[in-house]
Structure formats: structure tokens, C-alpha cells
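In case you want the letters, here they are:
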Amino acid sequence: EEGTNEPDRIYIGKMCLIRDEDMKPVIVDWRAPVAGLYYEERLGPAHYLCPKGDVKGELSLKRQFSIENGELLQLFDIDITTNDEFLQGYLGANADNRLKDIVSTIQAEQNRIIRADMWTPLVVQGAAGSGKTTIALHRIAYLVYNHEKNFRPENFMILAPTTLFLDYISEILPELGVDRVRQATFENFGMELIGKRFKFRNPNEKLMMLTSGKNIEQANKLKDASSLKCSMGYKELLDRFLDIVESSMLPKRDFTLLGFVVMTYKELQSLFIEEYKRFPVKNRLDEIKKHMSYMMEKKKKIFAAKIEKDCADEVLRLKETLEDTLQRQSEIQEVFKRRDFKIKALEREGRKAVSSYLAGILKKQAFEHYKDFIVYLRDTAENETEAFAAEWSRQVLNSSRIEIEDLAPIIYIKYRIHGIDEKIPVRHIVIDEAQDFSAFQIYVMKKIVKDSSFTILGDLCQGIHSYRSLKSWEELTTGVFADRRTQLLTLEQSYRTTIEIMDAANRIAEKMALPNVPKARPVLRHGEPVRFIKDSSYAEREESIAGRIEELLEKGLELIAVIAKTAEESELLHYGLRRKIPDITLITGAEGEYKGGVMVVPAHLAKGLEFDAVILSDVSSGKYSLSDMDAKLLYVAMTRAMHIMDIHYMSKISPLLEGSTSVEI
């Protein structure tokens, strides 16, 4: 360090270790500012930022130790970490049924994302195998460590696509010493906010319908309707409907007390629609209730004074017109009784007048308002897409189900009408596989989780649900977060797959309509060539796949996936293969626990997972066309493999893979 004569020797590990006798650190936590020297700096002049400022000095040695059960196995002296032996050994290892931490192999581009400013919305376009999910979890661990004075682990939340995926990543944060971070799917989080459980229509049914190549006209209408329902344009339609609903919420009459006007309807409507517009309806009503109560107390005195005056005038009239007889005294007593009755009635009615006037306004729940909105959309549709979306949604809702596309609108209605009752403790939201989220979903989370910050990671090349999700990151940077400075970073280096597999996958990426998304760059790790196997029949294919699985198991590979395009194909394939491979499992998406092993999995459920070997069961030309959705499905399937990739087809290979250099079997 500049200004000192003695070199500092710093050991970096997963946790900090302090020596008891002098309280000096033996091991520095990887999340400490000084650890940035190891992850980002090269030998020579170096610096790191910490609370006391920019610390400069000379970095003379970077060394990695491999220790197992207290025994030193290896050590490496390195400069940069990208192509070193330690990383190569890590990448060459077999996959595991749980995602693991990467503290020892974090790369410079990954480290910059992990340590990025917490309060600047961060959007990351990360290639398949770039470590997005692992980086997201390490970022949470880093933020918990560096903001421990202000935040607790419960203030952080990670949203992931499925419960199966959450189970797959479940061990990383505890390994990093962080517990109690909230982990949820958008569906579960949304239902918790709304306070109602829904049955969801299987989203993969629509995906398969859109990629089947059948009934193209209906499929295009459905795709356009889904895109509409997930767009900010749908929010504008909702706003238009909710403005109408709100304008007719207050009773169309003056607020009176025993016939006296406390506030006119026009005055109340002005407060409700204009003065308190920035609040959810429930909060507006709370403010109006205070205003009405104040005005009532103020005017009650005026009304009471008028009752007293009317009483005095009537007594005076009686005294002037009647002789002082028992009858006059009796009539005067009746006047006083009527006065006392009115004064008491004024107090009695005043206690319930406000609540009585506002009763029933919030009786309808968000879901009922949404059903009304669908009817409104049907009646006011300005184009074919709006009309089709309304009719399709009506049919889905009538089946006592909703679609994932319906959830954000219902949450938004809940927010605008009822507000969010509970105080949500979350301050930082990490969204993984964000390419499958819509701008509307993220906008809703930004609105309801006040003063929150975001880390959003995804890969548009894997946007298999792009008909209902983001089509570009600009929807966030210049749309949802237009009011904030947003940082957009890219991760191009892929660490999962071999060069041979990634080169084949990149051929597919080139055919996608994503001009601003860079291709994945595989780390320098070679493996076996991609094998193309042409089958003459389903029986031959089944026999070939079963034999290959047995061969791979004998080689010591543990995680092997046979990936089919659809759930139906996967089920049929699993039925045939389990006669030869009894332990093979079928992934359906309903699993709460990821057990690994040998499995058959539909392409859409393989996203986010990784395997030692992947066997694609059928990549024929009739199965995967040149459509954008087919390209993304196939890209997802191909980029799951770490070491070995087999591709089966019949008759003719998909045009997405024509010209790929590989081994033909």
C-alpha cells in the first residue's frame, strides 16, 4: 500500500476469521472491499475503494489454494483468472443437483455486477452459462454484508420462475452465510399481495399452442392478445376503466346531517378525484373521512346554534301570540323538548354520518373489478386484438382460472383501489430469468414496493415466453425506470459449455431477431464434438438414447437430461425409456424438489438448469422451424449441457442447425 514499507499478505475466503489473541483478521471475507483486488486487479499498480477512500498500491502476487478436509491439494500463482488452471478444473467438474457458490472463481465482469451500487437499477443481459443466477445470489450476499447496519436479510427478495428452480438454487445463500432472504415466484408473491389464492391455467399449454405450427391464425391472435395484456398499453386501458369506476364511487348526493348540508357532492367529488388523486382509493377515503369529520364538527356548532335560535324564535312567538296560560306553558315545553331531541339527534347521527355516507364503497375486491374490466374491454374494444383479448380472458375467468398475464393487472387494481395493506419489508428485489417477466409486472413491483432497488438479470436469447414478456431491455431502461438512472451491463463470457457446444448454439442465436444482443463467448474449454444422430424410427431412437445413457453413466457422468420439445413428447419418451433405464425420472414442473440424476425434461422446464450431458430427442425440420420461438426453445435446450451434447433427428435436421460442424453418427 502506498505510504507503507511492509507488504500486506491478505487471505480471502468464504467467511472472515479473526485471531482471538489480537483480533487481527486471518481470513478476509470475500465481500470486503479489499477482496476486489483479487477479483479485478492485475499484477502491478492496483487500487480498491473502501469507506476511507481510494486505496492505492502495488499488487505483487495472486495465488489460489485448493484445500479439502484441511489438506492443501494444489496452489496456483495467477495474474488474471479467466483462463487459469483453477478455473478450468472447476468448469471441467461434473454438474450437481444444487447450484454451488463461485467465491473462488468469480471473474472480473461478474465481480463488477456483484459489487454494483445498490440503489441504481441494474439490468444485466447475460449469455447462457455466464453465471447470472449464481451472480444474483452472490450479489445478495454482498449487499447483506456491506449494508448490515441498515438492512437485514429479510429486506432482500429473489424472484425466480418456478419452485423447482428455487429448490435448485436453495443452498447457495446458506453456503455464503446468509439466511432468511425471501425467495418466491411472481405467482406466489402476487397472490400474497392480493390476499387471494388463484388456480392458474398452465402457461406451457399456450407456449405449445404457439409453437405447434397448427391453426396459425388463432395462434397469432392469441400471441397478440398475450402481448397486449402484458404491456404498459394494457395498464393505460386499466387506468381508463379505473378512472370511470372511481368517478362513480361516491354517492351522488350531498353529505347531510338532519337535513343540513355539511358538504356538497361537488365538493366531495373534487377532493376524491382531484385533490387526493395520488393516493389509492382506500387512502383517499381515509383522507376524505378526516375532512368530512372535521367539517361536520365545525358545522355541528352552526347547526346547533340554528336549532337554539329556531327554538328561541318559536318561544318568543308563542309568548307574543298566546296569553300566559297552562296551554302556552305546555306548548313552550314541547318546543324545548323538540329542541333537546334535535340536539341529541345531531350528536347521535353525527357519530355515524360519515361512515354511513361512505359505506359499501370498497365492497368489491380487486378480482371482481378485473372481471368488470374484461366486460368493459369487450364493450369498448378499439381493435381486433383488444376484442380477442377480452373474449379469451372471459373464457379463462369463467373456467375458474386465471393466466399468469392476469396477475399483474389484478395486483395493479388492488394497489389503485385498496392499496397494499401490509408493510412490505423488501428493499431490494433481484429478478432472475427476467426475460420471462413483462414490463407491466416489473412496473407493478416498483409501484407497490416503495423505495426499493432492483437487480434484473436475464438473457433475451432465452425468452421463450416473449409473447408475454420483455422484448428488449429498453422497455425497462427507458420505460419502467425512466425516472431513474439505470445501468445496463452485459455478460458475454459463457462458462458452462464447451466451445463445440456453444458454437453450435450460437448458430441458432444468429437466426434470432435480436440485433443488439451479443453472442455468447465460450471460455477456452474444448470437449467432445456435438454428435448428430439420424434415426429411421422412434424405436431406433429410443434404443439409441437408452444405450447412450448407459454409456455416459459408465463414464461417471451423473446429471443427464433427455430434452424433448413438449411435455407430451417428454411423457411418451419417459414411458419408453424407463423400461431400459428404471431410475429415469420425468420433470413435469409440479416438483417442489430438484433431485438430479437421469431425467426426461421438456425444453421450457430445462431453462436455468445445467447437466453433464444433454440428449435432444428430436430436432427434425418438422419439429423446430425458423420461427423466433422455436429458435429460443432450441437454444435453451442446447445451452444446458456442460460437457456432452447429442442431437437426434429424423429425415432432415432443423434449418436452425443446418451447416453446423459436428460429428454425424
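Computed from a predicted structure; not experimentally measured. (Residues numbered from 1 in each chain as written. Predicted model: local features only at pLDDT ≥ 70, side-chain atom pairs only at ≥ 80, totals over all residues. Heavy atoms only, no water.)

## Focus on the environment of Ile-644
Then comes step 1: With respect to the secondary-structure elements, Ile-644 resides in strand β23 (residues 641–650).
Then comes step 2: C-alpha of Ile-644 to C-alpha of Leu-557: the two residues are 87 residues apart in sequence and 9.8 Å apart in space. (Helix = DSSP H or I, 4+ residues; strand = E, 2+ residues; numbered from the N terminus.)

## A look at the sheet that holds strand β10 (residues 182–184)
Paired through their backbone hydrogen bonds, the strands of a sheet run either parallel or antiparallel.
Then comes step 1: Across the sheet, six strands lie side by side as β10-β9-β13-β14-β8-β15; this open sheet has parallel pairing. With partners counted over all chains shown, the strands left at the sheet margins are β10 and β15 (487–491), one partner each. Sheet twist, expressed as the mean angle between neighbouring strand axes with direction ignored, is 15°.
Then comes step 2: The sheet strands contacting helix α4 (residues 132–146) are β8 (122–126), β9 (156–159), β13 (428–431), β14 (453–458) and β15, and the helix crosses β9 at an angle near 170°.
Then comes step 3: Of the strands in this sheet, β9 and β10 are in contact with helix α7 (residues 186–194), which crosses β10 at around 105°. (Pairing = 2+ DSSP bridges. Axes fitted to C-alpha atoms, helices over the stretch in contact; angles between N-to-C directions. Contact = heavy atoms within 4.5 Å.)

## Focus on unusual backbone geometry
Then comes step 1: Backbone geometry at Arg-180 places phi at a positive 70°, although glycine is not the residue there.
Then comes step 2: Taking the relative accessible area as the measure of exposure, Arg-180 reaches 55% and is therefore exposed.
Then comes step 3: Residue Asn-215 is not a glycine yet carries a positive backbone phi of 45°.
Then comes step 4: Mapped onto the fold, Asn-215 is located in the loop between α8 (203–211) and α9 (216–229). (Buried < 20%, exposed > 50% of the residue type's maximum accessible area, 1.4 Å probe, protein only.)

## Digging into the side chain of Asp-29
Then comes step 1: Relative to the helices and strands, Asp-29 resides in strand β3 (residues 25–29).
Then comes step 2: Within the structure, Asp-29 has its side chain in polar contact with the backbone nitrogen of Arg-31 (distance 2.8 Å).
Then comes step 3: Excluding its chain neighbours within four sequence positions, the residues that come into contact with Asp-29 are Gly-13, Lys-14, Met-15, Cys-16, Ala-35 and Tyr-145. (Polar contact = N/O pair within 3.5 Å; in protein donor to acceptor, adjacent residues only side chain to side chain.)

## Considerations on the packing of aromatic side chains
Then comes step 1: Counting across every chain of the model gives 21 aromatic pairs.
Then comes step 2: Judged by centre distance (5.3 Å) and plane angle (45°), the ring pair of Phe-241 and Tyr-376 falls under tilted. Of this pair, Phe-241 sits in helix α10 (residues 232–247) while Tyr-376 sits in helix α14 (residues 366–380), placing them 135 residues apart in sequence.
Then comes step 3: Looking at Phe-241, the relative accessible area reads 6%, which means it is buried.
Then comes step 4: Since its relative accessible area comes to 15%, Tyr-376 is described here as buried.
Then comes step 5: Ring centres of Tyr-412 and Phe-440 lie 5.9 Å apart, and the angle between their planes is 65°; this geometry places the pair in the edge-to-face category. Of this pair, Tyr-412 sits in helix α16 (residues 404–417) while Phe-440 is found in helix α17 (residues 439–448), placing the two residues 28 residues apart along the sequence.
Then comes step 6: Residue class for Tyr-412 comes out buried when judged on its relative accessible area of 5%. (Phe/Tyr/Trp six-rings, centres within 6.5 Å; stacked < 30°, edge-to-face > 60°.)

## Looking at the domain arrangement of the protein
Then comes step 1: In terms of domains, the protein is made up of domain 1 (11–115), domain 2 (122–233 + 383–491), domain 3 (255–358) and domain 4 (514–649).
Then comes step 2: On a C-alpha basis, the centroid separation for the pair domain 1 and domain 2 is 33 Å.
Then comes step 3: Residue-level contacts link 21 residues of domain 1 with 26 residues of domain 2.
Then comes step 4: For the pair domain 1 and domain 2, the summed buried surface comes to about 2,200 Å²; carbon and sulfur atoms form 64% of the total.
Then comes step 5: The tally of links between domain 1 and domain 2 comes to two salt bridges. (Domains from an automatic or database assignment. Buried area = accessible area lost by both parts, 1.4 Å probe. Salt bridge = Lys/Arg side-chain N within 4 Å of Asp/Glu carboxyl O.)

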